[in-house]
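Reading the structure
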Amino acid sequence: MKVLVIGNGGREHALAWKLSQSPEVHIVYVAPGNAGTATARKAANVAIAADNIDALLEFAQQNKVELTVVGPEVPLVAGIVDRFDAAGLRCFGPAQAAAQLEGSKAFAKAFLDRHAIPTAAYREFTELAAAVAYIETQSVPLVIKADGLAAGKGVVIAMSTAEALNAAARMLSGDAFGQAGRRIIVEEFLEGEEASFIAIVDGEHVLPLASSQDHKARDEGGTGPNTGGMGAYSPAPAVDADTHARIMRDVIKPAVAGLVSDGIYYRGFLYAGLMLGTDGRPRVLEFNCRCGDPETQPIMMRMRSDLVKLIQAALDGKLHDEELEWDKRAALGVVLTAGGYPGDYATGELIEGLGAEQPEVVVFHAGTAITPAGIKTDGGRVLCVCALGDSVSEAQARAYARIDSLNWPQMYYRRDIGHRAVARETL
Ligand code: AMP
Ligand code: GLY
């Protein structure tokens, strides 16, 4: 079978790596991919951008691709699945109408309220005067969110009223995120511990993947600007059996039932970003219509089941026949970025130390490119070094030991990925 993975991040390398392990798969094409997917076993890159739906469709038709898996949200929200479906091609991910759960925060919040799924209290605005009047009555911290897609940058946690007013004005004027910010959500600040909960949905049935946690802040101790994620691990010790059951009962099952009752056919990965309150209640911070990056990297390292078979079952509406098997060990991934990310950063720096494969350690690529001189950096998020271990502490030690042998001039990473889980283990 020929499989196509769309995207070029660490998540897509991990998906391609896992899909290629299926005995049914002959080749995994990755569009556009990175240096990791270019050199992986049973994989090849295709020079088509992830949002060029016409060219992707043409490639899939001409090359008789039997299964397409979409990594990032942009093509999903743009309707890639609708286009592939119309052409009779199997493409895994939600259709455009269903991808609105990520594509519009106002849509997601209204959905959560309608189905009584716990989330932060909020109001929605398109006019600055009304937003100002409301913000002035609220206590801080206050959270201001652009409605549309903003590459993970559309959320401001305002610590003062002035900061909240400024964020609202910059978004509503179109200055901050263009059209995506012309509608905003102003919501209550929630305290607690964050966890990522990703499930696979077939329109009716749902199968949860292993739990995970990521670190969104760039710098150690959870400081510095918000990023797409500086590291992640699985399982998340904060999601114990009780919390897991509660998340399924209060969030995931009502969400899938709500989609069915709203007449929205949701098929694909559904990612709930959760705040676990000190009261033990999970509340939804956001939905994503795809797998998380970097959560996917440690999750794929732990998945024992055949991902191709699982996705086929989901496409056929038969997830209830499937069971997932996980490696009991923990997996932890540390993201190596270009210095300066998520702001300005250099690219084109030669990466030293790649290629020395070690058991239980995988270096997933993100912003990397092959050049005649060797593999160079080609983005802000460059690598995700993942390791398995009998505990999160062991996985963490293995990942950092591998990082010691990697280098480029402006390499940057956090040294405390997994600290919460490690602290729990050493209690
Ligand atoms: P989102 O894209 O909505 O998940 O927001 C990005 C990040 O902002 C989340 O991972 C949280 O760290 C933070 N965040 C979003 N909404 C809230 C909230 N209501 N209270 C506290 N933190 C939040
Ligand atoms: N790691 C967060 C995300 O993928 O949205």
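This text gives an overview of the structure that appears in the document. (Residues numbered from 1 in each chain as written. Chains lettered and ligands numbered in written order. Predicted model: local features only at pLDDT ≥ 70, side-chain atom pairs only at ≥ 80, totals over all residues. Heavy atoms only, no water.)

Here's the deal with the nonpolar core
Among the nonpolar cores identified, the biggest contains 52 residues, and Ile-80, Ile-252 and Phe-287 are the most heavily contacted of them. Here the element with the most residues in this core is helix α10 (residues 241–261); it accounts for seven residues. Those residues within four positions of Ile-80 in sequence are excluded, and the remaining contacts are Ile-6, Ile-53, Leu-56, Val-70 and Pro-75. (Core = buried A, V, L, I, M, F, W, Y, C linked by side-chain atoms within 4.5 Å. Buried < 20%, exposed > 50% of the residue type's maximum accessible area, 1.4 Å probe, protein only. Helix = DSSP H or I, 4+ residues; strand = E, 2+ residues; numbered from the N terminus. Contact = heavy atoms within 4.5 Å.)

Some remarks on the site of ligand 1
Neighbouring ligand 1 are 16 residues; Glu-187, Glu-188, Leu-190, Glu-194 and Glu-286 lie closest to it. Note that an oxygen atom of ligand 1 is positioned 2.4 Å from one of the side-chain N or O atoms of Glu-194. Lys-216 is positioned with one of its side-chain polar atoms (N or O) 3.0 Å from an oxygen atom of ligand 1. Coverage of ligand 1 by the protein chains reaches 91% of its 470 Å² of free accessible surface. (Near = heavy atom within 4 Å. Polar contact = N/O pair within 3.5 Å; in protein donor to acceptor, adjacent residues only side chain to side chain. Areas by Shrake-Rupley, 256 points an atom, 1.4 Å probe, with all protein chains shown as cover.)

What about the site of ligand 2?
Taken together, the neighbourhood of ligand 2 is formed by Asp-214, Lys-216, Gly-228, Tyr-271, Asn-288, Arg-290, Gly-292, Asp-293, Pro-294 and Glu-295. At 3.3 Å from an oxygen atom of ligand 2 is found a side-chain nitrogen or oxygen belonging to Asn-288. One nitrogen or oxygen atom from the side chain of Arg-290 is found 2.9 Å from an oxygen atom belonging to ligand 2. Burial of ligand 2 by the protein amounts to 91% of the accessible area it has alone, namely 200 Å². A class-by-class count of the residues in the shell around ligand 2 yields two nonpolar, three polar and five charged. (Nonpolar A, V, L, I, M, F, W, Y, C, P; charged D, E, K, R; others polar.)

Description of the sheet that holds strand β8 (residues 155–158)
Spatial ordering of the open sheet is given by β6-β9-β7-β8, a layout of four strands whose pairing is antiparallel. The sheet is open, and its two edges are formed by β6 (122–125) and β8, each paired on a single side. Between one strand axis and the next, the sheet turns through 20 degrees on average, direction left out of account. As defined by bridge partners, strand β7 (residues 142–146) adjoins β8 across four bridges and the pair is classed as antiparallel. Bridge assignment links Lys-145 to a residue of β8, and that residue is Val-155. Contacting β6, β7 and β9 (184–188), helix α8 (residues 128–135) runs over the sheet at an angle of about 155 degrees to β6. (Pairing = 2+ DSSP bridges. Axes fitted to C-alpha atoms, helices over the stretch in contact; angles between N-to-C directions.)

Brief notes about the sheet that holds strand β16 (residues 267–276)
For sheets, the rule is that strands pair by backbone hydrogen bonds, running either parallel or antiparallel. One open sheet holds the four strands; their spatial order is β11-β10-β16-β17, and the pairing between them is antiparallel. In this open sheet, the two strands that pair with only one neighbour each are β11 (206–208) and β17 (282–288). Strand-to-strand twist in this sheet, taken as the mean axis angle between neighbours without regard to direction, amounts to 30 degrees. Pairing analysis gives three bridges linking strand β10 (residues 193–202) to β11, with the strands arranged antiparallel. Opposite Ala-199, over in β11, you have Pro-208 as the bridge partner. Of the strands in this sheet, β10, β11 and β16 touch helix α12 (residues 307–315), which is tilted by about 65 degrees from β10.

Some thoughts on the pattern of salt bridges
Applying the stated criterion to the full structure yields 26 salt bridges. Salt-bridge contacts for Glu-187 lead to Lys-145; the nearest nitrogen and oxygen are separated by 3.0 Å. Of this pair, Glu-187 sits in strand β9 while Lys-145 is found in strand β7, placing the two residues 42 residues apart along the sequence. The partner of Lys-216 in a salt bridge is Asp-214, and the shortest N-O contact between them spans 3.6 Å. Given a relative accessible area of 22%, Lys-216 falls into the partly exposed group. (Salt bridge = Lys/Arg side-chain N within 4 Å of Asp/Glu carboxyl O.)

Here's the deal with the side chain of Arg-402
Here Arg-402 is to be found in helix α13 (residues 392–403). Take Arg-402: its relative accessible area is 3%, and that puts it in the buried class. Not counting chain neighbours up to four residues away, the residues in contact with Arg-402 comprise Gly-353, Leu-354, Gly-355, Ala-356, Gln-358, Val-361, Val-363 and Val-385.

A word on the packing of helix α6 (residues 96–103) against helix α7 (residues 105–114)
At a minimum axis distance of 6 Å, the contact between α6 and α7 shows a crossing angle of 95 degrees. The angle between α6 and α7 places the two elements in the roughly perpendicular class. Across the interface between the two elements, Ala-97, Gln-100, Leu-101 and Gly-103 from α6 touch Lys-105, Phe-107, Ala-108 and Phe-111 from α7. Residue composition of the contact of α6 with α7, by class: five nonpolar, two polar and one charged. (Parallel < 35°, antiparallel > 145°, perpendicular 65-115°, else oblique.)

Describing the packing of helix α1 (residues 10–19) against α12
Running from amino to carboxyl end, α1 crosses α12 at an angle of 100 degrees, the nearest separation of the two axes being 8 Å. Considering the angle they form, α1 stands roughly perpendicular to α12. Along the contact surface, α1 presents Leu-15, Lys-18 and Leu-19, while α12 presents Leu-307, Val-308 and Ile-311. A per-class count over the contact of α1 with α12 returns five nonpolar, no polar and one charged.

Examining unusual backbone geometry
Residue Pro-141 is reached from Val-140 by a cis peptide bond, and omega for that bond is 0 degrees. The residue Pro-141 is located in the loop between α8 and β7 in this model. Look at the link from Tyr-341 to Pro-342: it is a cis peptide, with omega at 5 degrees. In this structure, Pro-342 sits in the loop between β18 (330–338) and β19 (361–365). In the Ramachandran plot, Lys-42 falls in the positive-phi region, its phi being about 55 degrees despite a non-glycine side chain. Relative to the helices and strands, Lys-42 resides in the loop between α2 (35–39) and β3 (43–45). Even without being glycine, Lys-64 reaches a positive phi, approximately 55 degrees. The residue Lys-64 is located in the loop between α3 (53–62) and β4 (67–70) in this model.

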